[in-house]
Amino acid sequence: MTIVITGATGHLGRQVVEQLLARGVDPSTVVAGGRNEEALAALASHGVRTARIDYSDPSTLDDAFAGAEKVLLISGSEVGKRSVQHKAVIDAARRVDASLVYTSAPKASTSALVLAPEHKATEGLLEGSGLTYTVLRNNWYTENYDDTIRQAASTGSILTSAGRGRVASATRRDYAEAAAVVLLSDDYAGEILELGGDEPWSVDELASVVADVQGNDVTVEQVSTDQHVAALQGFGLDEGTAGFVAAIDANIADGLLAESDGTLSRIIGRPTTPLRQYVAELLG
Ligand SMILES: NC(=O)c1ccc[n+]([C@@H]2O[C@H](COP(=O)([O-])OP(=O)(O)OC[C@H]3O[C@@H](n4cnc5c(N)ncnc54)[C@H](OP(=O)(O)O)[C@@H]3O)[C@@H](O)[C@H]2O)c1
């Protein structure tokens, strides 16, 4: 069986490749795709085949997908272009009749999450594609908070507009293991899996974990969305990025990332990485 991993040059995709190999998959049956040539060369050193894949260039998809039975479509990072790019990947998978696994977002088809629309569009394309597919609705990466955790440790404060909202984050490693398990099984065909960490946490809880690990005080400054945008711009973020970050916090405050039903830990056969363990490892 040949498995193609798109976005294998990125943080998540590289770990999916590693997880497949850790499960004894013959490297010659794995095609790791992406655009970054340096990252492709690093992947090739693991013995896997590599392919230039550009979601905006269908010929690269046809070349990479030749002989593929399964394709992991890791959602692209060019927000605003992704629906069209993902359609190209789905169309190419149809041409070789590969089954497809797609990394989406929590409750993508119904959520008001600012990032949901392109994932909803992609899931809609999959539904109408006739392909066998599985959707991995990944919640937030715990890694998204690396800067926040480091700053909390060094400055003793966290600025947020997420209120008491909880985040069911898990590490990329947790999600990568789940992707590998799903790719290597036919049991998940047709399923839409909501994946998140076992213990959703609030910013207050994050502050308390950092304080415990670091041995300092960490205070949480709760601000409104507008105040947050202004503060982020004051730190040098452009208006669009500041607005996006604050919009995500507003989504968190509304509870849009709060739910987790244990599906991720069931798939990987262990609890998801606890926040405290993650923070302790990050802060060394
Ligand atoms: N759940 C979350 O918290 C969260 C957070 C951030 C992102 N995401 C989503 O999850 C995806 C994977 O996360 P990550 O951390 O691995 O992101 P990442 O490190 O930024 O990797 C993104 C990957 O997508 C590939 N890519 C982007 N545009 C492409 C295009 N037009 N054609 C071909 N490949 C393209 C990149 O390839 P090259 O670098 O080789 O061009 C790279 O391999 C992201 O792309 C994004 O959709 C989720």
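Residues numbered from 1 in each chain as written. Predicted model: local features only at pLDDT ≥ 70, side-chain atom pairs only at ≥ 80, totals over all residues.

- Under an unreviewed UniProt entry, the protein has the name SDR family oxidoreductase and belongs to Arthrobacter bussei.

1. Concerning unusual backbone geometry
1) Next: Positive phi outside glycine occurs at D97, with the angle close to 55 degrees.
2) Next: Among the secondary structure elements, D97 is positioned in the loop between α4 (82-96) and β5 (99-104).
3) Next: You will see that K107, though not glycine, has its phi angle at about 45 degrees, which is positive.
4) Next: Counting through the fold element by element, K107 comes out in the loop between β5 and α5 (116-127). (Helix = DSSP H or I, 4+ residues; strand = E, 2+ residues; numbered from the N terminus.)

2. Comments concerning the site of the ligand
1) Next: Near the ligand, the surroundings consist of 25 residues, among which T9, G10, L12, G34 and S75 are the closest.
2) Next: Broken down by element, the shell around the ligand gets its largest block of residues, three residues, from helix α1 (residues 11-22). (Near = placed C-beta within 6 Å.)

3. Describing the packing of α1 against helix α7 (residues 172-183)
1) Next: Interaxial distance between α1 and α7 falls to 8 Å at its minimum, and their mutual angle equals 50 degrees. One element, α1, and the other, α7, form an angle in the oblique class. For the pair α1 and α7, the sense of crossing is right-handed. Contacts between α1 and α7 involve H11, L12, Q15, V16, Q19 and L20 from the former and R172, R173, Y175, A176, E177, A179, A180 and L183 from the latter.
2) Next: Looking at the contact of α1 with α7 residue by residue, the class counts come to eight nonpolar, three polar and three charged. (Axes fitted to C-alpha atoms, helices over the stretch in contact; angles between N-to-C directions. Parallel < 35°, antiparallel > 145°, perpendicular 65-115°, else oblique. Left-handed = near helix turned anticlockwise from the far one by under 90°. Contact = placed C-beta atoms within 7 Å. Nonpolar A, V, L, I, M, F, W, Y, C, P; charged D, E, K, R; others polar.)

4. A look at the nonpolar core
1) Next: Ranked by size, the top nonpolar core spans 48 residues in total, and within it L100 and A179 carry the most contacts.
2) Next: Residue contributions to this core peak at seven residues, all from α7.
3) Next: Non-local contacts of L100, meaning those with residues more than four positions away in its chain, are made with V71, L73, I90, A93, L126, L131 and Y133.
4) Next: Within the second largest apolar cluster, 29 residues are counted, among which are A105, V218, A253 and L275. (Core = buried A, V, L, I, M, F, W, Y, C linked by C-beta atoms within 7 Å. Buried ≥ 20, exposed ≤ 12 C-beta atoms within 10 Å, placed from the backbone.)

5. A look at the pairing of strand β4 (residues 70-73)
1) Next: Residues K70 and L72 point to one face of β4 and V71 and L73 to the other, with burial holding for every one of them.
2) Next: Looking at chain direction, strand β1 (residues 3-5) and β4 are connected through three bridges and run parallel. Paired with I5 across the two strands is L72, which belongs to β4.
3) Next: For the segment spanning β4, α4 and β5, crossover handedness is right-handed. (Pairing = 2+ DSSP bridges. Right-handed = clockwise from strand over helix to strand, strands pointing away.)

6. Details of helix α9 (residues 225-234)
1) Next: Residues of α9 that are buried: H228, V229 and L232. Relative to the axis of α9, the buried residues are bounded by an arc of 100 degrees and lie together on one face. Opposite the buried face of α9, at more than 90 degrees from it, the exposed residues are D226 and G234.
2) Next: Along its buried surface, α9 packs onto α10 (239-253).
3) Next: Remark: G236 follows α9 within two positions and exhibits a positive phi of approximately 105 degrees. (Arc of directions from axis to C-beta.)

7. Here's the deal with the domain arrangement of the protein
Where interface size is given, it is often the accessible area lost as the parts come together that is meant.
1) Next: Split by domain assignment, the protein resolves into domain 1 (3-138) and domain 2 (144-166 + 198-261 + 270-283).
2) Next: Between domain 1 and domain 2, the contact holds five residues from the first and six residues from the second.
3) Next: Here the residues of the side of domain 1 that touches domain 2 are counted per class, giving four nonpolar, one polar and no charged. (Domains from an automatic or database assignment.)

8. Remarks on the sheet that holds β4
Hydrogen bonds between backbone atoms are what pair the strands of a sheet, whose relative direction is either parallel or antiparallel.
1) Next: Reading across the sheet, the seven strands line up as β3-β2-β1-β4-β5-β6-β9 and stay open at both edges, with parallel pairing between neighbours. Sheet topology places β3 (49-52) and β9 (192-195) at the edges, where each strand pairs with a single neighbour. Within this sheet the neighbouring strands show an average axis-to-axis angle of 20 degrees, counted without direction.
2) Next: Where β5 lies against strand β6 (residues 133-138), five bridges are found, and the strand directions are parallel. Each bridged residue has a counterpart across the sheet, and for Y102 the counterpart in β6 is V135.

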